[in-house]
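# Working through the structure, step by step
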Amino acid sequence: VKNLHNTDVGYYQADLDELARQRRTMVVELSRAIESDQFELHYQVQKHVQTHEVVGYEALVRWRHPERGMVSPMEFIPLAEHSGLIVPLGEHVLRLACRQAAAWPRPYKVAVNVSPVQMLDDSLPRLIEQVLDETGLDPSRLEVEITESTLVADPEHTVRILKAVRSLGVSVALDDFGTGYSTLASLSLFPFDRIKLDKAFLSEIDRSPQAKAIVQAVLTIGKSLNIPVLAEGVEREDQMELLREEGCSEAQGYLLGRPAPTITIPDVVVPLRLV
Ligand code: C2E
Ligand code: CA
Ligand code: CA
Ligand code: CA
């Protein structure tokens, strides 16, 4: 097989076919995985930078595939989004997170990621209200995390949905801040309860003066808008030290705790599997 440039693309085409086949298989498996209960949530702690108090836990979905073991969300979330399966999956995650958090022995907040695809219609606020009623979780304990891309697609529609979510008493965080195309515009469109600074900036902070300047600038914006900034991806003590010096309010990352199927409260490990 030759392409326009007269080079051989035979193998390349075969690889693409194989890739497409694998994707189709995975979509079929994904659609069955919800019913057969193959998804679980791991929780990663979010802490106050100054006091080390727990702010809440972010729920991160995991797929326990019968043959392939634990599959990363980086692999299946994009597929779930393309196929539309993220809608039932997102509902499942929301319900599971609220049910488990309602059973925690401490009233920590639980943060749930919401895909842009889940915002395409108007159903999200009603779903959230229903799940809160059903699980008895206090609305103030739920936070939804959305990315900038959600706002860019259709700002008016998204803002309307976010306002409806907020009116339930649920808070809204802006995830992966700084990685989109209209970072600052997003902040002027909706009064977010929290800014989550993307981990890309923190990982460069000691090597790149630019990254450090951006972190400082985002913290300044947070202060002027009176929105707490949570730094993602804190892996080392020197990064934590810098965040403390710069007055960052909250942090999340491997240094503070890895995502785990259980939450830890002082001296007690809560076996969520039993919930
Ligand atoms: P995210 O929302 O930005 O979540 C944070 C990711 O960073 C998680 O990856 C977490 O394990 C990882 N992480 C946490 N601390 C550190 C650190 O110190 N260093 C580094 N290098 N990484 C750290 P994970 O669990 O693989 O999730 C990847 C992405 O998949 C998430 O990024 C989110 O966009 C998506 N995702 C996960 N769960 C859900 C879900 O339930 N629904 C939706 N729509 N998306 C989800
Ligand atoms: Ca997130
Ligand atoms: Ca109600
Ligand atoms: Ca993030």
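Residues numbered from 1 in each chain as written. Chains lettered and ligands numbered in written order. Predicted model: local features only at pLDDT ≥ 70, side-chain atom pairs only at ≥ 80, totals over all residues. Heavy atoms only, no water.

By the naming in an unreviewed UniProt entry, the chain is EAL domain-containing protein, taken from Paradevosia tibetensis.

Moving on: the coordination of the calcium ion (ligand 4). Here the calcium ion (ligand 4) is held by D175 (OD), D176 (OD), E232 (OE) and E232 (OE), and the distances to it run 2.2 to 2.6 Å. Sequence spacing of the donor residues for the calcium ion (ligand 4), all on one chain, is D-D-x55-E. For E232, a relative accessible area of 9% corresponds to the buried category. (Donors = N, O, S within 2.8 Å, 3.2 Å for Na, K, Ca; no water. Buried < 20%, exposed > 50% of the residue type's maximum accessible area, 1.4 Å probe, protein only.)

The next thing to look at is the site of ligand 1. Looking at ligand 1, there are 21 residues lining it, with Q44, R62, K199, E235 and Y254 nearest. K199 is positioned such that a nitrogen or oxygen atom in its side chain is 3.0 Å from an oxygen atom of ligand 1. Within the backbone of Y254, a nitrogen or oxygen atom sits 2.9 Å from an oxygen atom of ligand 1. A total of 800 Å² of accessible area belongs to ligand 1 in isolation, and the protein chains cover 84% of it. Spatially, ligand 1 is embedded in the largest pocket. When contributions to the shell around ligand 1 are tallied by element, the ones reaching two or more residues are β2 (54-65), α2 (73-83) and β6 (171-177). The greatest single-element share of the shell around ligand 1, amounting to four residues, is contributed by β2. When the residues that make up the shell around ligand 1 are grouped by side-chain class, the tally is nine nonpolar, five polar and seven charged. (Near = heavy atom within 4 Å. Polar contact = N/O pair within 3.5 Å; in protein donor to acceptor, adjacent residues only side chain to side chain. Areas by Shrake-Rupley, 256 points an atom, 1.4 Å probe, with all protein chains shown as cover. 1 Å grid on protein atoms, 1.4 Å probe; cavity = no way out; pocket = protein on both sides within 12 Å on 5 of 7 lines; lining within 4 Å. Sits in = over half its atoms within 2 Å of the grid points. Helix = DSSP H or I, 4+ residues; strand = E, 2+ residues; numbered from the N terminus. Nonpolar A, V, L, I, M, F, W, Y, C, P; charged D, E, K, R; others polar.)

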